[in-house]
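# Reading the structure
Spelled out, the chains give:
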Amino acid sequence: MIDTTLRGLNRRSVLRYAAAGLAAGPLLGHAQSKDWPTKPVTMVVPFPAGGGTDAFARPLSAAFSKVTGQQLVIDNRGGAGGTLGASIAAKAAADGYTLFMGAVHHAIAPAMYPKLDYDIEKDFVPLVLVATVPQVLVVNPQKVPENDFKSFLARVLKNPDKLNYASAGGGTSHHLAGELFKQQTGAAITHIPYRGSGPALQDLIAGNVDMMFDGLGSSATHIQSGRVKALMVAGAKRNAAFPDVPCAAEVGLPDYTVQTWYGIWAPKGTPAAAQTRAVEAIRAAGATPDAQAVWAKQGAEFSPFTQRQFGQFVSAEVKRWAQVVKLSGAKLD
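What comes next concerns the included structure. What you see is a predicted model; the values in this text were computed from it and never measured. (Residues numbered from 1 in each chain as written. Predicted model: local features only at pLDDT ≥ 70, side-chain atom pairs only at ≥ 80, totals over all residues. Heavy atoms only, no water.)

Looking now at the overall build of the protein. Secondary structure assignment for the protein yields 12 helices and nine strands. Counting only residues that meet the buried cut, the protein has 56% of its 333 residues in that class. Surface accessibility of the protein: about 13,400 Å² in total, with carbon and sulfur atoms responsible for 54%. (Helix = DSSP H or I, 4+ residues; strand = E, 2+ residues; numbered from the N terminus. Buried < 20%, exposed > 50% of the residue type's maximum accessible area, 1.4 Å probe, protein only. Areas by Shrake-Rupley, 256 points an atom, 1.4 Å probe, with all protein chains shown as cover.)

Here it is in structure tokens:
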């Protein structure tokens, strides 16, 4: 399970990297002025603005500029469950000036899309796993009056196919989280795919859909404002940022473990020196106080994984989600 793999992501690890990053920050801005990056770096984000990936990409971009003196330009390329942007990034020049910020969705995609024109394990070089956050079941307060998970589930089971759930697109973790929910509860709910979690959340807030399985990072501010209501956090423990929201294990779903994670890759062939400097810069950016505050507010953790460990993690995730997809019977062209 993901949370077992990431059990080492504790506060001590974060603080250790924060200290290292803060020390490295001024050096990056100075030492790399004659080397990478000598111009703005583009980071392809394969979802529309306002979604979960953006919630981490934009503050990381701002921090990156501070520690390197160069801009990290966000290029949102939404569509096809994040695979369109991934395809564009895979074909970009491998010169160190194009990065790709993907997510758990890109470990699911190989099993969902049989005709992908890229391979997340072969056409990219893993750099940094920048954030992990649990999935959360959020509902529209007007459409779902229940304030606790068990009462909500009782109504869902009594009214098959009456409620629907939004996702960031077919084959995303939001979609598969819904499929897992159906498998483990026996619920019959209708999937409504969008072109990203941003548009999906907006329709949830507007009352055009009933519910959503979303990464806590993108839903956090809406939960705090009351625009959406959180009924359950996936996994075996509550999240420190939302201690009043019960976890799946508490509501009778001990095996419902889904986390959304976000990572940064470079196109295959990117020079090793540029890779090393990119990793240093990203870590330093993620360790700044401003970035750390954003991560904490969204209940997220920054991984201490090395490049190799991140790659191994992705490979394990590809295999894990292939089994989930097989059991669900879901498939896209």
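The rest of the description comes next.
Across all of its chains, the model carries nine salt bridges by this definition. We note a salt bridge from D210 to K143, for which the minimum N-O separation is 3.1 Å. Highlighted residues: D210 in the loop between helix 8 (197-206) and strand 7 (211-215) and K143 in the loop between strand 4 (124-139) and helix 6 (149-158), separated in sequence by 67 residues. (Salt bridge = Lys/Arg side-chain N within 4 Å of Asp/Glu carboxyl O.)

Interhelical geometry of helix 5 (residues 105-112) versus helix 12 (residues 307-328) gives an angle of 50° and a closest axis separation of 8 Å. The angle between helix 5 and helix 12 places the two elements in the oblique class. Here helix 5 and helix 12 pass one another in a crossing that is right-handed. Touching A107, I108, P110, A111 and M112 of helix 5 are V314, E317, V318, W321, A322 and V325, all from helix 12. Taken together, the residues of the contact of helix 5 with helix 12 sort by class into 10 nonpolar, no polar and one charged. (Axes fitted to C-alpha atoms, helices over the stretch in contact; angles between N-to-C directions. Parallel < 35°, antiparallel > 145°, perpendicular 65-115°, else oblique. Left-handed = near helix turned anticlockwise from the far one by under 90°. Contact = heavy atoms within 4.5 Å. Nonpolar A, V, L, I, M, F, W, Y, C, P; charged D, E, K, R; others polar.)

The next thing to look at is the pairing of strand 1 (residues 41-45). Across the five residues of strand 1, four count as buried, placing the element largely inside the fold. The pairing of strand 1 with strand 2 (residues 72-76) spans five bridges and is classified as parallel. Residue pairing in the sheet places T42 in a bridge with V73 of strand 2. Traced from strand 1 through helix 3 (residues 52-68) to strand 2, the parallel crossover comes out right-handed. Here strand 1 pairs with strand 3 (residues 98-103) via three bridges, running parallel. Paired with T42 across the two strands is T98, which belongs to strand 3. (Pairing = 2+ DSSP bridges. Right-handed = clockwise from strand over helix to strand, strands pointing away.)

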